[in-house]
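Structural description and commentary
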Amino acid sequence: MAAAKFSINTTSSFFLVLCLSVILVFTLSCFSSDPDPLQDFCVADLKSTTIVNGFPCKPVSQVTSNDFSYSGLMNETTIVNPFGAGVSSGDVTNFPGLNTLGISTSRVDLVPGGFIPLHVHPRASELIFINKGEVLFGFISTTNVLYSKVLKVGEQFIFPRGLVHFAANVGPGKAVLISAYNSQLPGIALLPLNLFASNPTIPNEILAKNFQVDANVIAIIKSKFGNLIN
Ligand SMILES: *[C@@H]1O[C@H](CO)[C@@H](O)[C@H](O)[C@H]1NC(C)=O
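Let me sum up the structure you'll find in this document.

About the thresholds
- Residues numbered from 1 in each chain as written.
- Predicted model: local features only at pLDDT ≥ 70, side-chain atom pairs only at ≥ 80, totals over all residues.
- Heavy atoms only, no water.
- Phe/Tyr/Trp six-rings, centres within 6.5 Å; stacked < 30°, edge-to-face > 60°.
- Buried < 20%, exposed > 50% of the residue type's maximum accessible area, 1.4 Å probe, protein only.
- Helix = DSSP H or I, 4+ residues; strand = E, 2+ residues; numbered from the N terminus.
- Pairing = 2+ DSSP bridges.
- Near = heavy atom within 4 Å.
- Polar contact = N/O pair within 3.5 Å; in protein donor to acceptor, adjacent residues only side chain to side chain.
- Areas by Shrake-Rupley, 256 points an atom, 1.4 Å probe, with all protein chains shown as cover.

A few words now on the packing of aromatic side chains. The geometry of an aromatic ring pair is captured by the separation of the ring centres together with the interplanar angle, meaning the angle of the planes. Evaluated as defined, the whole model comprises 10 aromatic pairs. Ring plane angle 70° and centroid distance 5.4 Å describe the contact between Phe157 and Phe159, whose orientation is recorded as edge-to-face. On the basis of relative accessible area, Phe157 is assigned to the buried category, the value being 11%. By relative accessible area, Phe159 is classed as buried at 2%. A connected cluster of aromatic rings, assembled from ring pairs, spans Phe137, Phe139, Tyr147, Phe157 and Phe159.

With that settled, the discussion passes to the pairing of strand 8 (residues 164-169). Buried residues dominate strand 8, accounting for 5 of its 6 residues. As paired elements, strand 3 (residues 115-120) and strand 8 share 3 bridges and run antiparallel to each other. When the bridges of strand 8 are listed, Phe115 appears paired with Ala168. Across 6 bridges, strand 5 (residues 134-140) lies against strand 8 in antiparallel orientation. Considered in strand 8, the bridge of Phe137 is made with Ala167.

What follows covers the site of the ligand. Around the ligand sit Ser71, Met74 and Asn75, and that is every residue in its neighbourhood. Contact distances for the ligand include 2.4 Å between an oxygen atom and a side-chain N or O atom of Asn75. A total of 360 Å² of accessible area belongs to the ligand in isolation, and the protein chains cover 30% of it.

Structure below.
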């Protein structure tokens, strides 16, 4: 009798959990990218001072085909940083036709040995296509599992939204990556700069406690970023 009662309770709890999971997945999928557009297009009026969630639309009478094309990823960017990485961004701030469409792009050039520091995109998942070279990709889940792989030309990798990730050129030559994001403005927080080159700076004692080292170790690390402070 007791056993039968137990099994009924287990079955109904199972369905309750299933229903809640389905609701959760639907709810999450509603927030998985930028909001849906309410018109065919809304070419960003980047000069507008009106603050909205995105940019206001340029009057349709002023929209031309040029608003829907972008040449900013054609050429390699000049690489001037210690990471050996050049990034050209094709987000809404330089490709206004993307406004409200929940999509954007970027190009990364890596010298041999170059890398993109650990970072997150708060508003987008990132789908990478390897256009040239041989690149090590990795992201770390919230349960601290590293998912990592070396990929070659023509292959792709996905970085799930908001997770810490990196890319490193492990081939003998230059590498070129093209990325797509499900946000018009994915945003980027580079962790080394966030942590050690913020303005104002995070107190050394706080960082020392976080990394379980002496405050002078933190001071040494911060000094490496002296010329990169925003
Ligand atoms: C790319 O480089 C070519 C050759 O130097 C140049 O003619 C072209 O204007 C450049 N394109 C862009 C978008 O900078």
